[in-house]
Amino acid sequence: MEDWRRDIGKSLGTYLEGKLAMGEEMAAHTSYRIGGSADVFVEMESVEDLQNVARFLAEHPKVPWQILGGGTNVLYPEHYRGVVIHPGKGLSKIKKKEDRVIAGAGAELLEVIKQAAEWSLGGMDFLAGIPGSVGGALKGNAGAFGRWISECVELVRGFDLAERVERELKNQEIEWSYRKTNLRAALFIYEIVLKLEPRPIMECMHEISRVLSERMAKNPSEPSAGCVFVNPEPPDVTAGRLIDELGFKGRRIGDAMCSPQHANFIVNVGKATQADVLTLITEIKKAVKERFGYDLVEEIKIIRETMEEHNG
Ligand SMILES: Cc1cc2nc3c(=O)[nH]c(=O)nc-3n(C[C@H](O)[C@H](O)[C@H](O)COP(=O)(O)OP(=O)(O)OC[C@H]3O[C@@H](n4cnc5c(N)ncnc54)[C@H](O)[C@@H]3O)c2cc1C
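- The name that an unreviewed UniProt entry assigns to the protein is UDP-N-acetylenolpyruvoylglucosamine reductase, with the source organism given as candidate division TA06 bacterium B3_TA06.
- UniProt, in the comment section headed Catalytic activity (unreviewed entry), describes the protein in these words: "UDP-N-acetyl-alpha-D-muramate + NADP(+) = UDP-N-acetyl-3-O-(1-carboxyvinyl)-alpha-D-glucosamine + NADPH + H(+)".
- For the protein, the Subcellular location (unreviewed entry) comment in UniProt is given as "Cytoplasm".

Describing the packing of helix α3 (residues 109-118) against helix α5 (residues 201-218)
Inference 1: Across the interface, α3 lies against α5 with an axial gap of 8 Å and an inter-helix angle of 155°. In terms of axis orientation, α3 runs roughly antiparallel to α5. Touching Leu110, Ile113, Lys114, Ala117 and Glu118 of α3 are Ile201, Cys204, Met205, Ile208 and Leu212, all from α5.
Inference 2: Tallied by class, residues from the contact of α3 with α5 come to eight nonpolar, no polar and two charged.

Considering the domain arrangement of the protein
Inference 1: In terms of domain boundaries, the protein breaks down into domain 1 (3-90), domain 2 (92-215) and domain 3 (221-302).
Inference 2: Distance from the C-alpha centre of domain 1 to the C-alpha centre of domain 2: 23 Å.
Inference 3: Listed as interface residues are 18 residues of domain 1 and, on the opposing side, 16 residues of domain 2.
Inference 4: Together domain 1 and domain 2 conceal approximately 1,400 Å² of surface at their shared face, both sides included; 75% is due to carbon and sulfur atoms.
Inference 5: Of all residues in domain 1, Val47, Leu50 and Ile67 give up the largest surface area on contact with domain 2, accounting jointly for 32% of the area buried on that side.
Inference 6: The tally of links between domain 1 and domain 2 comes to zero salt bridges.
Inference 7: Elements with a contribution of two residues or more to the side of domain 1 that touches domain 2: α2 (47-59), β3 (65-67) and β5 (79-87).
Inference 8: A per-element tally of the side of domain 1 that touches domain 2 places α2 first, with six residues.

Quick notes on the pattern of salt bridges
Inference 1: Scanning the model with the defined rule gives 27 salt bridges in all.
Inference 2: For Glu151, the salt bridge identified is with Arg147, shortest N-O distance 2.8 Å.

Brief notes about the sheet that holds strand β18 (residues 256-258)
Two strands in a sheet stick together by hydrogen bonds in their backbones, pointing the same way (parallel) or opposite ways (antiparallel).
Inference 1: Overall, antiparallel pairing links the three strands, which are arranged β17-β18-β19 in an open sheet. The strands lining the two open edges of the sheet, one partner per strand, are β17 (252-253) and β19 (266-268).
Inference 2: Here β17 pairs with β18 via two bridges, running antiparallel. Looking at the pairing, Ile253 lines up with Ala256 of β18.
Inference 3: Packed on one face of the sheet, helix α7 (residues 274-292) meets β17, β18 and β19 and runs near 30° to β18.

Thoughts on the UniProt feature "domain: FAD-binding PCMH-type" (unreviewed entry) in the protein
Inference 1: The sites that carry the UniProt feature "domain: FAD-binding PCMH-type" (unreviewed entry) are, in the present numbering, residues 34-199.
Inference 2: For residues 34-199, helix accounts for 17% and strand for 40%, while the C-alpha atoms at its two ends are 40 Å apart.

With respect to the sheet that holds strand β6 (residues 94-97)
Inference 1: The sheet built from five strands is open, its strands ordered β6-β7-β15-β11-β12 with antiparallel pairing. This sheet does not close on itself; its edge strands, each paired only once, are β6 and β12 (165-170). Taken over all neighbouring pairs, the strand axes of this sheet differ in orientation by 20° on average, direction set aside.
Inference 2: By the bridge criterion, four bridges tie β6 to strand β7 (residues 100-104) in an arrangement that is antiparallel. If you follow Lys96 over to β7, its bridge partner there is Val101.
Inference 3: Along the sheet face, α2 touches β11 (153-160), β12 and β15 (187-195) and points at about 40° away from the line of β11.

What to know about the environment of Phe292
Inference 1: Secondary-structure assignment places Phe292 in helix α7.
Inference 2: The exposure class assigned to Phe292 is partly exposed, which follows from its relative accessible area of 26%.
Inference 3: Distance in space between the C-alpha atoms of Phe292 and Leu242 is 7.8 Å, their sequence separation being 50 residues.
Inference 4: Those residues in contact with Phe292 that sit more than four places away from it in its chain are Leu242, Glu245 and Leu246.

Here is what the cut-offs are and how they apply
- Residues numbered from 1 in each chain as written.
- Predicted model: local features only at pLDDT ≥ 70, side-chain atom pairs only at ≥ 80, totals over all residues.
- Heavy atoms only, no water.
- UniProt positions renumbered as here; feature names shortened; annotations may be inferred.
- Axes fitted to C-alpha atoms, helices over the stretch in contact; angles between N-to-C directions.
- Helix = DSSP H or I, 4+ residues; strand = E, 2+ residues; numbered from the N terminus.
- Parallel < 35°, antiparallel > 145°, perpendicular 65-115°, else oblique.
- Contact = heavy atoms within 4.5 Å.
- Nonpolar A, V, L, I, M, F, W, Y, C, P; charged D, E, K, R; others polar.
- Domains from an automatic or database assignment.
- Buried area = accessible area lost by both parts, 1.4 Å probe.
- Salt bridge = Lys/Arg side-chain N within 4 Å of Asp/Glu carboxyl O.
- Pairing = 2+ DSSP bridges.
- Buried < 20%, exposed > 50% of the residue type's maximum accessible area, 1.4 Å probe, protein only.

Next up, the structure:
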């Protein structure tokens, strides 16, 4: 075992408020239920924890690391040879201030929406049912029904793990696009201020239930990471339709299957591995390029064994 792994308990563990685990199984942290062990998994309970991790990473510049939220948009390998940095309970609190909701990045998006409704605040109900954390949703500008989380965001607080500084960004300072923001990959988002609209609680609850039932009817129930590909330009063509037209629905590699319900979902029907999913992705991309001329681009984040995601 390399030195940094052997010493991490002493060099980092003793300073952290949050949990530090060696060999954590990533399948348990992802909606895909795919992924073997990560060398180190740490949970951040405070900005101080973020400072301590950043110091450790600066002292060990060759150690790969990656930020993980709710794990609903990621595909892990059999072994991740680095540090996975995840928000813990201390960075998952939900608070209210006038018509604003202040959410810790680790809070589940649906919990934030429901809690806001209980405070008679609405306006982000269209996001109900998008799984994962509010931090992950913000990082990827999660959206549904032609609307985006960016519509509700006032302020983002983060800690840059590479530059070791806190950052506060107003909505207008962020570039938002389809499933994308220009936030640096090294920025650990730890808190988001959401500006919502006062609405009767029953109206919010009704809208949440309506959106949730619509989603349940549409999304496959097997483990997945959501849509695999972003829709190509121009936006009137969906990746799902192209894949469906090529007859991929039901196509299976190992335990990874192109969903018979929604062609842009590759579902895990048993013990799929990252390699199974990637092989199917390659087949689909090749076929779509040959037949329609589109270069499909992955929406899911593919985590490689020694990938460093913090250079952005
Ligand atoms: C069944 C299903 C349906 C889905 N439907 C939709 C949909 O309708 N619309 C949609 O937009 N998405 C959808 N998704 C995809 C996914 O749920 C969203 O992208 C979600 O917002 C990801 O959040 P997460 O916390 O799980 O992020 P993760 O999967 O944990 O991470 C995704 C990316 O965000 C980064 N990240 C996560 N947390 C932070 C943080 N605190 N600070 C900095 N970076 C961070 C990670 O490093 C990674 O690059 C769906 C997924 C599933 C499984």
